[in-house]
Amino acid sequence: MRRLALGAAAFAAVFAILHACGRDGPATPSYDRSQVVVATVRRVIAPAYVEFEERAEALEAATRAWASDPTPANLEATRTAWREARAAWKWTEAFDFGPADDAHVNSNLDFWPAIPDRIEARLAEPRPLDQLGATERGLPVLEYLLFGPAGGDPVRRTAYVVLLAGDVVAQARFLRGAWEGEYGADFATAGSGSRSYPTVESAVVRIVYRMAQLVRKAADLKLGRPLGHRTGGAPQPETVESRFSEGSIADLISNFEGLERLYVDGGLSDLVRTLDPALDARVRAAVGEVLAAVRSIPAPLSRTVESDPEKGEVAFRAVKALEHVLTVDLKGALGLGFEFRDTDGD
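All values reported here derive from a predicted model rather than from experimental measurement.

**Description of the overall build of the chain**
Okay, so step 1: Per the secondary structure count, the chain includes 15 helices and zero strands.
Okay, so step 2: In the chain, buried positions account for 54% of the 346 residues.
Okay, so step 3: By sequence separation, contacts in the chain at least 24 residues apart represent 74% of the contacts at least 6 residues apart.
Okay, so step 4: In the structure as shown, the chain presents an accessible area of about 14200 Å², 54% of it carried by carbon and sulfur atoms.

Below you can see the structure in the form of structure tokens.
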């Protein structure tokens, strides 16, 4: 994968822009959209990818320790490291546009649900990393290898785990480098020299659209599909995210914690409050209601969709209410011009 190159002088210039334009004080009536764009990079996106890279490196180190000494304790340490890296990754899903899309990092890191037959086939016939498809690499495949049924050649299994963990590190470094480098600078200078974002509004649209896209995905795929909304009410527990680690609810919590920080620390809350304080309060409350509802779902989600589906339905309704606030109220207040495609929840 090609890393975005950035010389030392350019790197310094980028962060001079970010620090000059960013602000840490209270909201003021003059808070504008350019400040939202800069704060989103400096306060939210770049630090999040630094965190993800650090946790990915810890995961790789844990896999190597397990491979060299495959004890139950080292396996459990590797599982813990996977959960922590997974949480950091899911936290970024509210803003996984740009490099994550353009370089196919999203699919390489997080194609789900995992397909066990394909993973087992690759264990039987190992291939180099550059010959692996999205269904044979990434965090869901690692999850299956670490939490799923044991079997096959244990040496091949641990070698595959180490290979994939190294790939997660490489993808994380690419994302961190892109957002601390050329892409981050291009985004932060939207409307004032950016190649990709000719207006500040185009960058704000990208932020809000991706937030809303995550919310729709959470409702339709992460909750609605397992609850049976696509199958006439018949639950589909096998379609939950992170089913082998029973981490579906943890994934959702990380998603919405990331979205909340994007809205608050990225400055959208400040901007909206200058335009419509009541709307800002509604957005914050809607996110809080989603988090409360998701945290109230008994784990694992795969069992709850069959034993107590109403808990999942409460969360689904809260997520759909947040989707309305973002795609109708917030979009209208900011005058943003975007529409969802039919496939945006798929």
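Don't stop here, the text continues.
**Observations regarding the nonpolar core**
Okay, so step 1: Core analysis: the largest hydrophobic core is formed by 102 residues, its most contacted members being Phe-95, Phe-97, Leu-145, Phe-187, Leu-223, Phe-256 and Leu-334.
Okay, so step 2: The residues contacting Leu-145, other than those within four sequence positions of it, are Ile-119, Leu-123, Arg-157, Tyr-160, Val-161 and Leu-164.

**What to know about the packing of helix 2 (residues 33–68) against helix 8 (residues 154–180)**
Okay, so step 1: Direction vectors running N to C along helix 2 and helix 8 enclose 160°, while the axes themselves pass 8 Å from each other. As the angle between them shows, helix 2 and helix 8 are arranged roughly antiparallel. The chirality of how helix 2 crosses helix 8 is left-handed.
Okay, so step 2: Of the residues that constitute the contact of helix 2 with helix 8, the class distribution is 18 nonpolar, three polar and seven charged.

**Things to note about the confidence of the model for the chain**
For residues with low pLDDT, the predicted coordinates do not support detailed interpretation.
Okay, so step 1: For the chain, per-residue confidence averages 91 on the pLDDT scale, and 89% of positions sit at 70 or higher.
Okay, so step 2: The model gives residues 17–30 a pLDDT under 50, and that stretch makes 23 contacts with residues more than four places away or in other chains.

**A closer look at unusual backbone geometry**
Okay, so step 1: With an omega of 0°, the peptide bond running from Trp-112 to Pro-113 counts as cis.
Okay, so step 2: On the secondary structure map, Pro-113 appears in the loop between helix 5 (105–110) and helix 6 (116–124).
Okay, so step 3: Here the phi dihedral of His-104 falls at roughly 60°; this positive angle occurs in a residue that is not glycine.
Okay, so step 4: For His-104, a relative accessible area of 52% puts it in the exposed group.
Okay, so step 5: The phi torsion at Ser-242 lies on the positive side, around 50°, for a residue other than glycine.
Okay, so step 6: In this structure, Ser-242 sits in the loop between helix 10 (200–227) and helix 11 (248–265).
Okay, so step 7: For Ser-242, a relative accessible area of 6% translates into the label buried.

**Focus: the packing of aromatic side chains**
The geometry of an aromatic ring pair is captured by the separation of the ring centres together with the interplanar angle, meaning the angle of the planes.
Okay, so step 1: Summed over the entire model, instances satisfying the criterion amount to 13 aromatic pairs.
Okay, so step 2: An aromatic cluster is built from Phe-97, Trp-179, Tyr-183, Phe-187 and Tyr-197, whose rings are joined through pairwise contacts.
Okay, so step 3: The cationic tip of Lys-331 hangs over the ring face of Phe-338; the distance from NZ or CZ to the ring centre is 5.1 Å.

**Notes on the pattern of salt bridges**
Okay, so step 1: The final tally for this structure, using the stated rule, is 33 salt bridges.
Okay, so step 2: As a salt-bridge pair, Arg-176 and Glu-180 come within 3.6 Å of each other at their nearest N and O atoms. Taken together, the residues Arg-176 and Glu-180, both in helix 8 and four residues apart, mark about one turn of the helix.
Okay, so step 3: The class of Arg-176 is partly exposed, set by a relative accessible area of 21%.
Okay, so step 4: Residue Glu-180 is classed as buried on the basis of its relative accessible area of 16%.
Okay, so step 5: For Lys-222, the salt bridge goes to Glu-241, with nearest N and O atoms at 3.2 Å. With Lys-222 in helix 10 and Glu-241 in the loop between helix 10 and helix 11, this pair connects stretches of sequence that are 19 residues apart. The pair Lys-222 / Glu-241 is uniform in exposure class, with both members buried.
Okay, so step 6: Connected via shared salt-bridge partners are Arg-86, Lys-90, Glu-93, Asp-110, Lys-217, Lys-222, Glu-241 and Asp-251.

**Notes on the side chain of Asp-167**
Okay, so step 1: Position of Asp-167 relative to the elements: it lies in helix 8.
Okay, so step 2: Not counting residues up to four positions away in its chain, the partners in contact with Asp-167 are Leu-129 and Arg-137.

**A closer look at the environment of Val-314**
Okay, so step 1: Relative to the assigned elements, Val-314 resides in helix 15 (residues 309–334).
Okay, so step 2: Using a relative accessible area of 38% as the deciding quantity, one classes Val-314 as partly exposed.
Okay, so step 3: With 24 residues separating them in the primary sequence, Val-314 and Val-290 have C-alpha atoms 9.0 Å apart.

Definitions and cut-offs
Residues numbered from 1 in each chain as written. Predicted model: local features only at pLDDT ≥ 70, side-chain atom pairs only at ≥ 80, totals over all residues. Heavy atoms only, no water. Helix = DSSP H or I, 4+ residues; strand = E, 2+ residues; numbered from the N terminus. Buried < 20%, exposed > 50% of the residue type's maximum accessible area, 1.4 Å probe, protein only. Contact = heavy atoms within 4.5 Å. Areas by Shrake-Rupley, 256 points an atom, 1.4 Å probe, with all protein chains shown as cover. Core = buried A, V, L, I, M, F, W, Y, C linked by side-chain atoms within 4.5 Å. Axes fitted to C-alpha atoms, helices over the stretch in contact; angles between N-to-C directions. Parallel < 35°, antiparallel > 145°, perpendicular 65-115°, else oblique. Left-handed = near helix turned anticlockwise from the far one by under 90°. Nonpolar A, V, L, I, M, F, W, Y, C, P; charged D, E, K, R; others polar. pLDDT = per-residue confidence, 0-100. Phe/Tyr/Trp six-rings, centres within 6.5 Å; stacked < 30°, edge-to-face > 60°. Lys NZ or Arg CZ within 6 Å of the ring centre and 35° of its normal. Salt bridge = Lys/Arg side-chain N within 4 Å of Asp/Glu carboxyl O.

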